[in-house]
Amino acid sequence: GHPRLALPLYAAALAIYETVLGPSHPQAASTLVNLGNALFDLGRHGEAAALYRRSLAIDEEVLGDDHPDVAMDLSNLGIVYRNMGYTRQAVVLFERAHELLQGALGAE
């Protein structure tokens, strides 16, 4: 509800996680998403997209290309791309996310 207040808190948490757990830890990736969500809510879509891409890269490297968290990262990136007017790129990301979730959870 208060993204402007959340930004410094998420940034501080990210710094701690990256220092203690390493910059490629899934908790760092999760915090990047939270920070990106706050930026998105503030209309700072380009900055949010950069953080979503970092989270995606971490999750793909650590969890594997077919993990459900990767699908969520793709979806987050697709949403921000759609809002930035990059509709074609967004659709590709949404389709990949859908395929990953179907593979992980089943078609129904």
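Residues numbered from 1 in each chain as written. Predicted model: local features only at pLDDT ≥ 70, side-chain atom pairs only at ≥ 80, totals over all residues. Heavy atoms only, no water.

Is there a simple way to explain the overall build of the protein in this structure?
Helix and strand counts for the protein stand at five helices and zero strands. Sequence-ordered secondary structure for the protein, helices as α and strands as β, is α-α-α-α-α. Against the globule reference of 13 Å for 108 residues, the protein gives a C-alpha radius of gyration of 14 Å, in line with a compact fold. With respect to the three principal axes, the spread of C-alpha positions in the protein is 40 × 30 × 20 Å. (Helix = DSSP H or I, 4+ residues; strand = E, 2+ residues; numbered from the N terminus. Rg over C-alpha atoms; globule rule 2.2 N^0.38 Å.)

Could you clarify how one ought to interpret the packing of helix 2 (residues 26–41) against helix 3 (residues 45–63) in this entry?
Helix packing geometry: the angle between the two helix axes and the distance between the axes. Interaxial distance between helix 2 and helix 3 falls to 8 Å at its minimum, and their mutual angle equals 160 degrees. Viewed along their axes, helix 2 and helix 3 adopt a mutual orientation that is roughly antiparallel. Remark: the crossing between helix 2 and helix 3 carries left-handed chirality. Of the residues in helix 3, those touching helix 2 at Pro26, Ala29, Leu32, Val33, Leu35, Gly36, Asn37, Leu39 and Phe40 are His45, Glu47, Ala48, Leu51, Tyr52, Arg54, Ser55, Ile58, Asp59, Val62 and Leu63. Across the contact of helix 2 with helix 3, the residue classes tally to 13 nonpolar, four polar and three charged. (Axes fitted to C-alpha atoms, helices over the stretch in contact; angles between N-to-C directions. Parallel < 35°, antiparallel > 145°, perpendicular 65-115°, else oblique. Left-handed = near helix turned anticlockwise from the far one by under 90°. Contact = heavy atoms within 4.5 Å. Nonpolar A, V, L, I, M, F, W, Y, C, P; charged D, E, K, R; others polar.)

It is not clear to me how the pattern of salt bridges should be interpreted in this structure. Could you clarify?
Charged atoms that come close allow side chains of opposite charge to pair. Under the criterion given, the structure shown has three salt bridges. Close ionic contact of Arg54 with Glu18 constitutes a salt bridge, the shortest N to O distance being 2.8 Å. With a gap of 36 residues between them, Arg54 in helix 3 and Glu18 in helix 1 (residues 3–20) connect regions that are remote in the sequence. For the salt bridge of Arg44 with Glu47, the shortest nitrogen-to-oxygen distance reads 2.8 Å. For Arg44, a relative accessible area of 35% translates into the label partly exposed. (Salt bridge = Lys/Arg side-chain N within 4 Å of Asp/Glu carboxyl O. Buried < 20%, exposed > 50% of the residue type's maximum accessible area, 1.4 Å probe, protein only.)

All we've got here are geometric facts, nothing functional implied.
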